[in-house]
Amino acid sequence: MISLPEIQAAAERIRGRVRRTPLLRAAPVHQKVVPGELTLKLESLQVTGSFKARGATNKVLTLSEEEIQRGLATASGGNHGLGVAYAGWLAGARVTIYLPENAPLAKAGKLRQWGAEVIYEGAVWDDANAAALEAAERHGWTYVHPFADPAIIAGQGTIGLEVLEDAPETAVLVVAIGGGGLIAGVAAAAKAVKPGIRVIGVEPVGAPTLYESV
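Criteria and cut-off values
- Residues numbered from 1 in each chain as written.
- Predicted model: local features only at pLDDT ≥ 70, side-chain atom pairs only at ≥ 80, totals over all residues.
- Heavy atoms only, no water.
- Pairing = 2+ DSSP bridges.
- Helix = DSSP H or I, 4+ residues; strand = E, 2+ residues; numbered from the N terminus.
- Polar contact = N/O pair within 3.5 Å; in protein donor to acceptor, adjacent residues only side chain to side chain.
- Contact = heavy atoms within 4.5 Å.
- Salt bridge = Lys/Arg side-chain N within 4 Å of Asp/Glu carboxyl O.
- Buried < 20%, exposed > 50% of the residue type's maximum accessible area, 1.4 Å probe, protein only.
- Right-handed = clockwise from strand over helix to strand, strands pointing away.
- Axes fitted to C-alpha atoms, helices over the stretch in contact; angles between N-to-C directions.
- Parallel < 35°, antiparallel > 145°, perpendicular 65-115°, else oblique.
- Nonpolar A, V, L, I, M, F, W, Y, C, P; charged D, E, K, R; others polar.
- Core = buried A, V, L, I, M, F, W, Y, C linked by side-chain atoms within 4.5 Å.

Engineer: Quick rundown of the sheet that holds strand E4 (residues 95-99)? Include the residues and the values.
Structural biologist: Hydrogen bonds between backbone atoms are what pair the strands of a sheet, whose relative direction is either parallel or antiparallel. Judged by pairing direction, the sheet is parallel, and its 4 strands sit side by side in the order E5-E4-E3-E6 without closing on themselves. If you trace the sheet from one side to the other, it starts and ends with strand E5 (117-120) and strand E6 (142-143), each paired once.

Engineer: Quick one: what's the story with the side chain of Glu162, residue by residue and with numbers?
Structural biologist: Along the chain, the position of Glu162 falls in helix H7 (residues 150-166). A polar side-chain atom of Glu162 sits 2.6 Å from a polar atom in the side chain of Lys41. In contact with Glu162, other than residues within four places in its own chain, are Arg20, Thr21, Lys41 and Arg54.

Engineer: Requested: an account of the pattern of salt bridges, with residues and values cited.
Structural biologist: Enumeration over the complete set of coordinates arrives at 11 salt bridges. A salt bridge links Lys41 to Glu162; the nearest nitrogen and oxygen atoms lie 2.6 Å apart. Placement of Lys41 in strand E2 (residues 39-41) and of Glu162 in helix H7 is noted, with a sequence separation of 121 residues between them. Look at Glu162 and you get buried, because its relative accessible area is 9%. The closest approach of N and O atoms between Arg70 and Glu66, which form a salt bridge, is 2.9 Å. Assessed through its relative accessible area of 46%, Glu66 is described here as partly exposed.

Engineer: Can you explain the pairing of strand E8 (residues 198-202)? Please cite residues and give values.
Structural biologist: Note that strand E7 (residues 172-176) and E8 share 5 bridges and pair parallel. Bridged to Ala176 within E8 is Val202. Handedness of the crossover joining E7 and E8 through helix H8 (residues 181-193) is recorded here as right-handed.

Engineer: Any chance you could break down the packing of helix H4 (residues 79-91) against helix H5 (residues 105-113) for me, citing the residues and the numbers?
Structural biologist: At a minimum axis separation of 9 Å, H4 and H5 run at an interaxial angle of 5°. What the angle tells us is that H4 and H5 run roughly parallel. Within the contact between the two elements, H4 uses Asn79, Gly81, Leu82 and Ala85 and H5 uses Lys107, Lys110 and Leu111. Here the contact of H4 with H5 is composed, by residue class, of 3 nonpolar, 2 polar and 2 charged.

Engineer: Describe helix H2 (residues 52-61), with residues and values.
Structural biologist: Of all the 10 residues making up H2, 9 are buried; the element is thus mostly covered by neighbouring parts of the structure. Taken together, the buried positions of H2 are occupied by Lys52, Ala53, Arg54, Gly55, Ala56, Thr57, Asn58, Lys59 and Val60. Against helix H1 (4-14), E2, helix H3 (65-69), strand E3 (72-75), H4 and H7 lie the buried residues of H2.

Engineer: Describe the nonpolar core, and please don't skip the residues or the numbers.
Structural biologist: The tendency in soluble globular proteins is for nonpolar side chains to be buried as a group. In this structure, Leu72, Val84, Ile97, Leu99 and Leu111 are the most contacted members of the largest nonpolar core, which totals 20 residues. At the level of secondary structure, the elements contributing two or more residues to this core comprise H2, H4, E4 and H5. Counting residues per element, this core draws most heavily on H4, which supplies 4 residues. Those residues in contact with Leu99, other than ones at most four positions away along the chain, are Ser76, Gly77, Gly78, Ala108, Leu111, Val118, Ile119, Tyr120, Glu121 and Ala128. Membership of the second largest hydrophobic core comes to 11 residues, among which are Val175, Leu182, Val186 and Ala190.

The values are spatial; any link to function lies outside them.
See the structure below:
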């Protein structure tokens, strides 16, 4: 269980290294989306283009110098890899990102711009992740998991803190699920600050994880 102090510590740790993104009122709109007022947390304006920079930066800043100097590795469809590449750039670490063959070429280009080495492996993320884990074991690299890591979850949870600091009247949070790191962190932060808040997780209709959950 991720605690509020862990998320608050993550917020202090990453301050000045990732952007405090704005909340934007979703208006005017052609058709009302929900009852009441809808606001959007613009993580698309984050330094790497997504919230993933928060968790990755927090994780790398909790590593020892020896773990950093060994090099970092992960598997990603793109956004987590960009977060790790950015965090590695901040720390001066060598970074190797394993991508599945269906990852966009544009993401690979951005990864290289942050100084990461990019290796394509397998058809889907699971294949790339198996290769990343094997390579990390073989070379002694520090593996950075995309979501199943307390430091990653705490970093993503800083979004929840910012939302309730900027809009304490918020009654409902709608959060993408994916691997679960984002919603785990945001829900932990939001429920600790405002126990009565409602958190709704969303996934694409065709997501296999949604099918398995139901």
